[in-house]
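# Fold and geometry: a report
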Amino acid sequence: MKHTAVLIFFLLLSTKIFSQEKFCESYNCQSTIDFFEGIINVLGKKAEKFNVNQQEIVSILAPELTMFIYNNKFNIDFVETSAAELFYVKMGSDYGNFSLGYFQMKPLFIEKIEDELRKDSILNKKYKHLIEYELGFNVRHLRIKRIKDLEWALDYANAFYEITSKKLSTNAMDPVERVKLLATAYNRGFEENLQEINRWINRKHFPRCFSCSEKFAYSEIALYYYDYFSTINRF
């Protein structure tokens with residue numbers, strides 16, 4: 001029985017490693033690593049400002065950044081995205097809710113983060129700048145600009161991390177399990193309950209494209225980056 005359990009463990013481990021390697025061969029994970037290495041000082045400032053684990057945050061964001069870099073190289077969906085931006089600004093997220101920017105955040109995702117911040121007496125002070133907008137400007141237009149800006153997007157990511165960690169009570173969790181859970185919540189929807197998020201942890205549905213020949217579990221790709229960044233201890 002013991003030998004069987006060990007065999008199953010190593011089979012699952014080898015399957016996970018093979019899947020991660022396959023993803024990286026297809027979409028060039030090194031470009032994502034290079035990107036984060038290039039903004040190490042920015043991440044350091046975010047760590048000081050918010051006192052949040054940036055190594056876990058970049059691991060959660062990394063799979064989406066990988067696809068952003070890959071798609072941007074071929075200028076995929078540029079026309080569709082520009083049209084969707086216009087629909088959102090004019091009519092709201094019911095008509096134009098689309099992935100945008102380095103970390104493929106959707107306007108509705110940002111709206112939900114802002115709503116959660118307003119309800120939290122501690123976080124709404126810490127992230128006050130995320131729920132304030134200049135008077136006289138179209139809020140939806142400014143929200144789009146923020147999503148496309150690296151520093152604003154990182155601030156939203158930090159807010160997401162804290163909101164979702166609170167909701168799912170992840171502080172006492174093993175870091176690996178926390179990254180898997182929060183990465184799935186980022187990809188699936190942080191408004192979902194724990195049972196639903198756990199149901200999606202190992203589901204192979206990423207990346208979201210009709211032409212992609214193989215799908216992967218978002219959490220296992222996030223874990224690849226977490227393992228890598230843990231090894232080099234850069235954040």
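So, how was this worked out
- Residues numbered from 1 in each chain as written.
- Predicted model: local features only at pLDDT ≥ 70, side-chain atom pairs only at ≥ 80, totals over all residues.
- Heavy atoms only, no water.
- Helix = DSSP H or I, 4+ residues; strand = E, 2+ residues; numbered from the N terminus.
- Buried < 20%, exposed > 50% of the residue type's maximum accessible area, 1.4 Å probe, protein only.
- Areas by Shrake-Rupley, 256 points an atom, 1.4 Å probe, with all protein chains shown as cover.
- Phe/Tyr/Trp six-rings, centres within 6.5 Å; stacked < 30°, edge-to-face > 60°.
- Lys NZ or Arg CZ within 6 Å of the ring centre and 35° of its normal.
- Patch = residues over 30% accessible without salt bridge, like charges linked within 9 Å, V, L, I, M, F, W, Y side chains within 5 Å.
- Salt bridge = Lys/Arg side-chain N within 4 Å of Asp/Glu carboxyl O.
- Core = buried A, V, L, I, M, F, W, Y, C linked by side-chain atoms within 4.5 Å.
- Contact = heavy atoms within 4.5 Å.
- Arc of directions from axis to C-beta.

Attention now moves to the overall build of the protein chain. For the protein chain, the count of helices and strands is 12 helices and two strands. Each helix (α) and strand (β) of the protein chain, taken in turn from the N terminus, gives the series α-α-α-α-α-α-α-α-α-α-α-β-β-α. Across the 235 residues that make up the protein chain, the buried fraction comes to 46%. Of the roughly 12,900 Å² of accessible surface on the protein chain, 55% is carried by carbon and sulfur atoms.

In this section: the packing of aromatic side chains. With the rule as written, the count across this model stands at 20 aromatic pairs. A centroid spacing of 5.6 Å and a plane angle of 90° characterise the contact between F109 and F190, whose relative ring orientation is edge-to-face. Within this pair, whereas F109 is found in helix α6 (residues 107–119), its partner F190 is found in the loop between α10 (175–188) and α11 (194–200), the two being separated by 81 residues in sequence. With a relative accessible area of 4%, F190 lands in the buried category. On the basis of an interplanar angle of 85° and a centroid distance of 4.9 Å, the ring pair of F206 and Y218 is categorised as edge-to-face. With F206 in strand β1 (residues 204–206) and Y218 in helix α12 (residues 218–232), the pair connects residues that are 12 residues apart, well separated along the chain. Of the residues examined, F206 reaches a relative accessible area of 1% and is grouped as buried. Among the aromatic side chains, those forming a connected cluster through ring pairs are F35, F36, F68, Y102, F103, Y224, Y225, Y228 and F229. Sitting above the plane of the Y133 ring, R146 keeps its charged end 3.9 Å from the centroid. In this structure, R203 packs its charged tip against the face of W200, placed 4.4 Å from the ring centre.

For the rest of this paragraph, the subject is a nonpolar patch on the surface. Taken together, F87, M91 and Y95 make up a surface patch of nonpolar side chains, about 330 Å² in accessible area. By the element assignment, F87 lies in helix α5 (residues 78–91).

So, on to unusual backbone geometry. Omega for the peptide link from F206 to P207 comes to 0°, which places this bond in the cis form. Looking at where P207 falls in the secondary structure, it is placed in the loop between β1 and β2 (216–217). Backbone geometry places N51, a non-glycine residue, at a positive phi of 55°. Structurally, N51 can be placed in the loop between α3 (40–50) and α4 (54–73). Given the relative accessible area of 71%, N51 is considered exposed.

The next point concerns the nonpolar core. Grouped together as the largest cluster of nonpolar side chains are 66 residues, with contacts concentrated most on F23, F36, F103, M105, I113, L117 and Y186. Look past the residues within four positions of F103 in its chain and what remains in contact with it is F36, L61, E64, L65, L150, A153, L154 and Y186.

To continue, consider α3. An α-helical turn contains 3.6 residues, so a residue and the one three or four places further along point in the same direction. Of all the residues in α3, the buried ones are I40, V42, L43, K46 and F50. Buried residues along α3 cover an arc of 160° about the axis, so they all sit on one side. Exposed residues on α3 whose side chains face more than 90 degrees from its buried face are N41, K45 and E48. Residues of α3 that are buried in the fold lie against α2 (29–38), α4, α7 (123–126) and α9 (150–168). Downstream of α3 by one or two residues, N51 has phi in the positive range, about 55°.

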